[in-house]
There are 4 protein chains.
Amino acid sequence: MKYPISPDLVAEKNDQLTPDLQKDYDALGEQLERRGLDIKALIRQAEDFDIAVPSWGTGTGGTRFARFPGEGEPRNIFEKVEDCAVINQMSGCASEISPHFPWDKVDDFSELKAHSSQYGLGWSSVNSNTFQDQPDQECSYKYGSLSHADAAVREQAIAHNLQVIEWGKQLGSKVITVWVGDGSNHPGQQHFQRAFERYLASAKAIYQGLPEDWEMHIEHKMFEPAFYSTVIQDWGSNILAAMETGERCKSLVDLGHHAPNVNIEMIVSRLIQFKKLGGFHFNDSKYGDDDLDSGSLHPYQQFLIFNELVDAEYRKQPGFAPAYMLDQSHNVTDPIESLINSATEVQRSFIKALLVDRKALERYQSDNDAIMASNTLKAAFNTDVSPILAMARKNKGAAIDSLATYRASGYRQQAAKARPDTGGNRSGIV
Amino acid sequence: MKYPISPDLVAEKNDQLTPDLQKDYDALGEQLERRGLDIKALIRQAEDFDIAVPSWGTGTGGTRFARFPGEGEPRNIFEKVEDCAVINQMSGCASEISPHFPWDKVDDFSELKAHSSQYGLGWSSVNSNTFQDQPDQECSYKYGSLSHADAAVREQAIAHNLQVIEWGKQLGSKVITVWVGDGSNHPGQQHFQRAFERYLASAKAIYQGLPEDWEMHIEHKMFEPAFYSTVIQDWGSNILAAMETGERCKSLVDLGHHAPNVNIEMIVSRLIQFKKLGGFHFNDSKYGDDDLDSGSLHPYQQFLIFNELVDAEYRKQPGFAPAYMLDQSHNVTDPIESLINSATEVQRSFIKALLVDRKALERYQSDNDAIMASNTLKAAFNTDVSPILAMARKNKGAAIDSLATYRASGYRQQAAKARPDTGGNRSGIV
Amino acid sequence: MKYPISPDLVAEKNDQLTPDLQKDYDALGEQLERRGLDIKALIRQAEDFDIAVPSWGTGTGGTRFARFPGEGEPRNIFEKVEDCAVINQMSGCASEISPHFPWDKVDDFSELKAHSSQYGLGWSSVNSNTFQDQPDQECSYKYGSLSHADAAVREQAIAHNLQVIEWGKQLGSKVITVWVGDGSNHPGQQHFQRAFERYLASAKAIYQGLPEDWEMHIEHKMFEPAFYSTVIQDWGSNILAAMETGERCKSLVDLGHHAPNVNIEMIVSRLIQFKKLGGFHFNDSKYGDDDLDSGSLHPYQQFLIFNELVDAEYRKQPGFAPAYMLDQSHNVTDPIESLINSATEVQRSFIKALLVDRKALERYQSDNDAIMASNTLKAAFNTDVSPILAMARKNKGAAIDSLATYRASGYRQQAAKARPDTGGNRSGIV
Amino acid sequence: MKYPISPDLVAEKNDQLTPDLQKDYDALGEQLERRGLDIKALIRQAEDFDIAVPSWGTGTGGTRFARFPGEGEPRNIFEKVEDCAVINQMSGCASEISPHFPWDKVDDFSELKAHSSQYGLGWSSVNSNTFQDQPDQECSYKYGSLSHADAAVREQAIAHNLQVIEWGKQLGSKVITVWVGDGSNHPGQQHFQRAFERYLASAKAIYQGLPEDWEMHIEHKMFEPAFYSTVIQDWGSNILAAMETGERCKSLVDLGHHAPNVNIEMIVSRLIQFKKLGGFHFNDSKYGDDDLDSGSLHPYQQFLIFNELVDAEYRKQPGFAPAYMLDQSHNVTDPIESLINSATEVQRSFIKALLVDRKALERYQSDNDAIMASNTLKAAFNTDVSPILAMARKNKGAAIDSLATYRASGYRQQAAKARPDTGGNRSGIV
């Protein structure tokens, strides 16, 4: 096992913080016991929690106006793997990478898999890309891909997805996530029904090539890059597409892809009910697909989503096994720091949701006791579970204070030296 | 045939306006001929167009803060029928009434039907009401109706819907529209999945009692009266409910019941594609379910919706036969005037949509010629079809200038005398 | 001093809960000490915290569709005062009532003041009402009040506001809050500039009659009851009106009166900066002016608002002294329970905001260390301050477990007997 | 005078279309005469109408995900000027260019001015850029510019704006438009008040350097590139900044920079009333700052904005002289075609607004006759003014059918040859 940051440094830092952590942990354990909860069981669940990191999240993001690169950005998938190893080492809950093709394409996938394995990292969902044109590409995706009016473009996009599945097999993935930017900017530009029919036919063609132990996840998005209509614009079109495509085709929920004010936790419940919840792209947002750090703006909403997820586990809802992934754009922070922090914030919501007294909640629901039902959720949310998260990290050899330890390691400064600035895209798109 | 307003007055007014109308009509006819369109065919389609009027729309609406009654408001369904007769006589395109129960319940429905028939009016969809408690009602709908946690409440709500169908049969209706206010105001108050499962079971129970030549239309709404979650909150839940319930269960689209920014015309297309478009509640809105006059704020959006409808007709899309109805709240206008005006505005969108050069549009769509596709729609929308609408009215004995003729008739002043103010609800709810 | 609920019952319940509370309190105190915070100082600030209760909030609210009354609703301002006394006794932080006129008008205000004083309650901002018509009113507010096109209506509305100030003087209030429903439902209905000019002239006329030690607070609202335009639609029009009207005219922020996605904490900061933050109407909302319980949906947003308020105190920002008030509509809960709970939730946000390490935050802001700045706020927010709130309540003779104690008291059941159902408005407005 | 497209071709096309245009024009003139309007006066106003074109709009836009370049894109400001000449020649109403610095910086501005003058083009507002880093720039704008925490960055940004004014003087501009992307992505990242105070100080420093016959326009935007808070986030902050900065500092309204559902025409009225309406960036949008073609989605909203503008002219509102500019991003169309079309669509709204019967409207407003007020606006909007626009173009030597004539000219194909693809940014930002 290889560690990007010295385990000794981690242990040293942890040793300093352990006495205070132990006090907080003991006090919380005592309080939870009074509430009928076993902190040891919670620790185990915190230790088992894992969320995948998107390979592209390790670079600095940007907007169409500009990108302001950070120091030491990874220049290829091997360096991204190293950064992911840091994220997992510090957070203790991010042991899988979600690659994006063709961005992360390599000549020898066994070499890449060996590289990740030495860090103890695996590979989660593979992502295809038919929203950009690649240098040697025959047809352009300017006017769509899987739903394009021209069959040649659709075939190219289908073939790309099938290729991505092949690459994913070599890495050990079991899921392909399909997001397309297809849509229109002008009323009339696209015939809604014909475009959706073409999308469905393309989705079925990809599904035909899906290995039997794989799932295909469809991602919807309200807008951007298309600004008048988008082919898979909401969970309604998403679930219909998943139902039409096949049993192992499911819907993926990105928290930033909805209309304003929409109740996302309810959509999660609907997808669970209809056995179509494939997984999540976690992030936070205020205006559109802002791709901010998970839980940084709406921690209670994130908790309410996990309340649905934990409840589905509790009820042993058939077919429930969603995949968790971060999907964020880090424009003003060190991406490694944001990803460490965000993995922890999602884990925090999960642990808080485990504290919900589900028997009491069900009783309040039956009695229409709205305020006590609400307070039952709040009692869980208001509990500070930081000691559980920190202790789980310590137990797994991760850092009690992840950010401080990462900063103390000097990893970024070393990366800045090892990975000189290659220029990259700074100029914006406008 | 009985007319609430003297046909002589209408004819006199029309005679005054006919010479100028004829000029505009001839000029438009000549222009349309150049564009390959036959104004005579358009006139026939304008004459055939009809949209139902909601019985409750004839009274002044209000908000939870206050209601400011107008003069001469109808005090019962018989007087509402008279007002609807005025609306149809002036607009020439509103020959059906949509009743709401128990508001419009009478002891003798044959008497009511005879009353409406003498004005040439028929009856459209019947609407049930499980969002209010009635004086003699056993169970309360405070915490829901079809999805209530308590089976007794659900059974009462189902029985009411079946009763409404019985009343509807006596009037000659063929559709029941089901809108419920069920939902929650607090996270945790309601278990999303269980509530939806209960709703589905109730919907199926109603469907069991549906006559074979009837349809059941489910109406979704994002919020209000429930402010955290609503059981049928969007078209996604709506179409799933309709699919689960049965073939003749379809989705109804109210233009004001969506999240901000949502592309409604695309939802219409999806429902058409899946053979689940039941009908419409037309109105306009800026913020929420504002229930403003149809087309008064977003005439182009209304046109784009009719573009989908006319296109489905053009393509002979199987199972396409949606019901059109106005559903507005008139807080600051004479309801009769708003309903006359709104019927005409919906008719205007329909006629404009007929002007779209669909062959050219399809070609532009195939060629990804976005700007010409957009301009093809705009060419239809920019055409002033007022002369077609006015001539169709004239041909049907309706008023060329509907509002002026209505005002000249003194109908409202007579109603004010005949229907003394009964007080009614003014005080708001807060 | 008179107590609506037996102090013995409260003491008995508190005694049962004190041992466990003490443990949590001690553990928290120890942790906070490590973080450089003094729990005793925080307790004092929690004890000093107070938020006014709206008299009308003690009755069950509703929507335009229906109102479902609860048992034992107060039938007049004297009974509302009793309910407010319960809220204050249980929460320990709600010692003032905000009355609404003419709803709370009495013949003898000294009697009312004596009534409230025996419960230790005072009177906060007075609210005028020009959004409803009263039985004996000469002019109607159907088309506006302070901005009405007709001078007679404006004068009536101004006179009412001056009258409300007179009544407020008798109760000891020092603030009048002015909210009007003026606006329009149709483009063209109102001339925006002329209407605003009339509003400004009316506001100045009221300000002329404002006692020297009073403030006038203007409340903005995006929509409802007007659905196309509202005269004071946002903080921009609000602050301009306050600036034009006079120095002691300030802006009031209701959390539910903004456009979707708006950053409310930033508006709070702008009003503080320009010395125009008059006060708050606290509540929570998801869609529009939902008037849900404070902090029940967006507790982090409420915390961020208090972060601005505590920061202004910390910086000794000149002219900073906002008034806090709840303004909620309780449709599905016992209003007393919601108000107790909500007062505590606002207090919770205040105490959490006091935990923010402002020196560290300022340093992170200077260094553009976005993630540590964010985590500094989160560290405060994630701390469970429940023991501080509970201990402050205990110290003031309020209830450690407010809702359980209230329920145990049987107050609502007694009220149900003492205040038989008077019917009231159930039917909705539609 | 130099023409990018052969005037003979234009004349030839116009000759073919003139007979039919004349018929439509005569019929419309006759109808307008009946309505008390003089088509000749309208033609003159259409001929006088002008809207500036943004230099950067002539290239293909994109999103952070990708950019799909078109053929023959201009590679520098000289080629952009040529494209603008085409737009003006075809539309007859776009004789000014708005440059953006440093993108359009040249060594010799007199050469550039001579180049534009030979096409009869002038220069409108200059735009500064402190939202991107330029290659040789000392300080980075990653964390802001005019409001940056570091004085050195602010000084660099101020100096750049002053430099832009100098360049603008050489081109004959009279306005500088200041838009900054300053803001934050995390709660706590920025101290709202301090950031705004720094912005105000910077704005004043720029204003100090403003020539006496210039105006400075501040542009607000709700979000993007900052996704939690933006320094000038709405018209409230904008007008306060303009008021603080100086008399000739005004607010600019971009139609896509507002919160969902906001009533933009009312904001326009407020800015007019307070003498702070500097100008417009016209475009259309559905979700965020979508930068779609003007009037392509919400033509009635654009009309209502012009209703305010024409009304201010009509009332001779002091200090009213806003600057009109297009600001769009053309991702799926030929930018020249979109800009020709959009200039015409804005001109269409202007001419329609001139048709409003303002005396009648004022009377309806006084009488609270909401429906007739609404219909008065609609009567103007529903009139098809295409013949007026086309005749004005013909009179000015522009093209009756602008897009068809442009396409017939082969200009784009020639540009594709003359301007070989230079690669450019295709890859997106993510």
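Residues numbered from 1 in each chain as written. Chains lettered and ligands numbered in written order. Predicted model: local features only at pLDDT ≥ 70, side-chain atom pairs only at ≥ 80, totals over all residues. Heavy atoms only, no water.

### Section: the packing of aromatic side chains
- Within this structure, the stated rule accounts for 106 aromatic pairs over all chains.
- Over the ring of Phe196(A) we find Arg270(B), and its NZ or CZ is 3.9 Å from the ring centre. (Phe/Tyr/Trp six-rings, centres within 6.5 Å; stacked < 30°, edge-to-face > 60°. Lys NZ or Arg CZ within 6 Å of the ring centre and 35° of its normal.)

### Comments concerning the interface of chain A and chain B
- Counting residues at the interface gives 57 residues for chain A and 57 residues for chain B.
- Surface buried jointly by chain A and chain B totals about 4,700 Å² across both partners, of which 59% is contributed by carbon and sulfur atoms.
- Applying the counting criterion to the chain A and chain B interface returns zero salt bridges.
- Applying the counting rule to chain A against chain B returns 20 residue pairs in polar contact (both at pLDDT 80 or more).
- Elements represented by at least two residues in the side of chain A that touches chain B include exactly helix 6 (192-208), strand 8 (229-230), helix 7 (235-245), helix 8 (264-273), helix 9 (299-314), helix 11 (358-366) and helix 12 (370-382) of chain A.
- For the side of chain A that touches chain B, the residue count by class is 26 nonpolar, 21 polar and 10 charged. (Contact = heavy atoms within 4.5 Å. Buried area = accessible area lost by both parts, 1.4 Å probe. Salt bridge = Lys/Arg side-chain N within 4 Å of Asp/Glu carboxyl O. Polar contact = N/O pair within 3.5 Å; in protein donor to acceptor, adjacent residues only side chain to side chain. Helix = DSSP H or I, 4+ residues; strand = E, 2+ residues; numbered from the N terminus. Nonpolar A, V, L, I, M, F, W, Y, C, P; charged D, E, K, R; others polar.)

### Considerations on the pairing of strand 5 (residues 175-178) of chain A
Residue and element names in this part refer to chain A.
- Here strand 5 shows a buried face lined by Val175 and Thr177 and a second buried face lined by Ile176 and Val178.
- Of the pairings in the sheet, the one linking strand 4 (residues 126-127) to strand 5 comprises two bridges and is parallel in character. Across the sheet, residue Asn127 finds its bridge partner in strand 5, namely Thr177.
- In this sheet, strand 7 (residues 215-219) lies alongside strand 5 in parallel orientation, the contact comprising four bridges. For Thr177, the partnering residue across the bridge sits in strand 7 and is His217. (Buried < 20%, exposed > 50% of the residue type's maximum accessible area, 1.4 Å probe, protein only. Pairing = 2+ DSSP bridges.)

### Side note on the environment of Gln365(A)
- Mapped onto the fold, Gln365(A) is located in helix 11.
- Note on Gln365(A): relative accessible area 9%, which makes it buried.
- Note: C-alpha distance between Gln365(A) and Lys276(A) (89 residues apart in sequence) is 25 Å.
- If we skip the residues at most four places from it in the chain, Gln365(A) touches Ala149(B), Gly188(B), Gln189(B), Gln190(B), His191(B) and Arg194(B).

### Some details on the interface of chain C and chain B
- Between chain C and chain B, the contact holds 53 residues from the first and 53 residues from the second.
- Interface area, chain C with chain B, both sides summed: about 4,700 Å², of which 62% is carbon and sulfur.
- The tally of links between chain C and chain B comes to six salt bridges.
- The salt bridge partner of Arg64(B) is Glu224(C), with a shortest N-O separation of 2.9 Å.
- Our enumeration of links across chain C and chain B arrives at 14 residue pairs in polar contact (both at pLDDT 80 or more).
- Residues belonging to the side of chain C that touches chain B are distributed by class as follows: 23 nonpolar, 19 polar and 11 charged.

### Description of the relation of the copies chain A and chain B
- Taken as rigid bodies, chain A and chain B are interconverted by a rotation of 180° and an axial shift of 0.0 Å, the fit giving an RMSD of 0.0 Å. Each copy turns onto its partner about a two-fold axis. Every residue of chain A has its C-alpha some distance from the rotation axis, and the shortest such distance is that of Gly236(A), at 2.0 Å.
- The overlap is high: 100% of the interface residues of chain A also sit at the interface in chain B, so the same surface is used on both sides. (Least-squares fit on C-alpha atoms with pLDDT ≥ 70 in both.)

### A short note on the confidence of the model for chain A
- Per-residue pLDDT for chain A averages 97, and the proportion of residues at 70 or more is 98%.
- Both scores are given for the predicted complex: the pTM is 0.98, the ipTM 0.97. (pLDDT = per-residue confidence, 0-100.)

### Some remarks on the nonpolar core
- Counting 522 residues, the largest nonpolar core has Tyr199(A), Tyr199(B), Tyr199(C) and Tyr199(D) as its most contacted members.
- With residues up to four places along the chain from it excluded, the contact list for Tyr199(B) reads Leu146(B), Ser147(B), Val178(B), Val180(B), Ile218(B), Val231(B), Ile232(B) and Ala241(B). (Core = buried A, V, L, I, M, F, W, Y, C linked by side-chain atoms within 4.5 Å.)

### Structural notes on the environment of Tyr25(D)
Residue and element names in this part refer to chain D.
- In this fold, Tyr25 is placed in helix 1 (residues 7-34).
- Exposure remark for Tyr25: the relative accessible area of 13% places this residue in the buried category.
- Those residues in contact with Tyr25 that sit more than four places away from it in its chain are Ile39, Ile43, Pro387 and Met391.

### A word on unusual backbone geometry
- With omega at 10°, the peptide bond leading from Phe101(D) into Pro102(D) counts as cis.
- Tracing the backbone through its elements, the reader meets Pro102(D) in the loop between strand 2 (96-98) and helix 4 (109-117).
- The backbone phi angle of Lys275(B) is positive, close to 60°, even though this residue is not glycine.
- With phi around 50°, Lys316(C) is a residue other than glycine that occupies positive phi space.
- Here Lys316(C) lies in the loop between helix 9 (299-314) and strand 11 (323-326).
- The exposure class assigned to Lys316(C) is exposed, which follows from its relative accessible area of 70%.

### Quick notes on the pattern of salt bridges
- Summed over all chains, the structure comprises 109 salt bridges over all chains.
- Of the charged contacts in the structure, one is a salt bridge between Asp20(B) and Arg34(D), with a shortest N-O distance of 3.8 Å. In this pair, Asp20(B) sits in helix 1 (residues 7-34) while Arg34(D) sits in helix 1, so the two residues belong to two different chains.
- Classification of Asp20(B) as partly exposed rests on a relative accessible area of 33%.

### Remarks on the sheet that holds strand 4 (residues 126-127) of chain D
All names here are of chain D.
- With respect to topology, six strands assemble into an open sheet ordered 4-5-7-9-10-11, the strand pairing being parallel. Either end of the sheet is taken by a strand with one partner, and the two such strands are strand 4 and strand 11 (323-326).
- Against the sheet, helix 6 (residues 192-208) makes contact with strand 5 (175-178), strand 7 (215-219) and strand 9 (249-254), and its axis sits at roughly 155° relative to strand 7, the strand it touches most.
- Relative to the sheet, helix 7 (residues 235-245) contacts strand 7 and strand 9, its axis offset from that of strand 9 by approximately 160°. (Axes fitted to C-alpha atoms, helices over the stretch in contact; angles between N-to-C directions.)

### Considering the sheet that holds strand 1 (residues 53-54) of chain A
Residues and elements named next belong to chain A.
- A sheet is described by the order of its strands in space; here three strands give the open sequence 1-2-3, paired in parallel fashion. Every interior strand has two partners, whereas the edge strands, strand 1 and strand 3 (122-123), have only one.
- Pairing geometry for strand 1 and strand 2 (residues 96-98), over two bridges, is parallel. From the neighbouring strand, Pro54 faces strand 2, where its bridge partner is Ser98.

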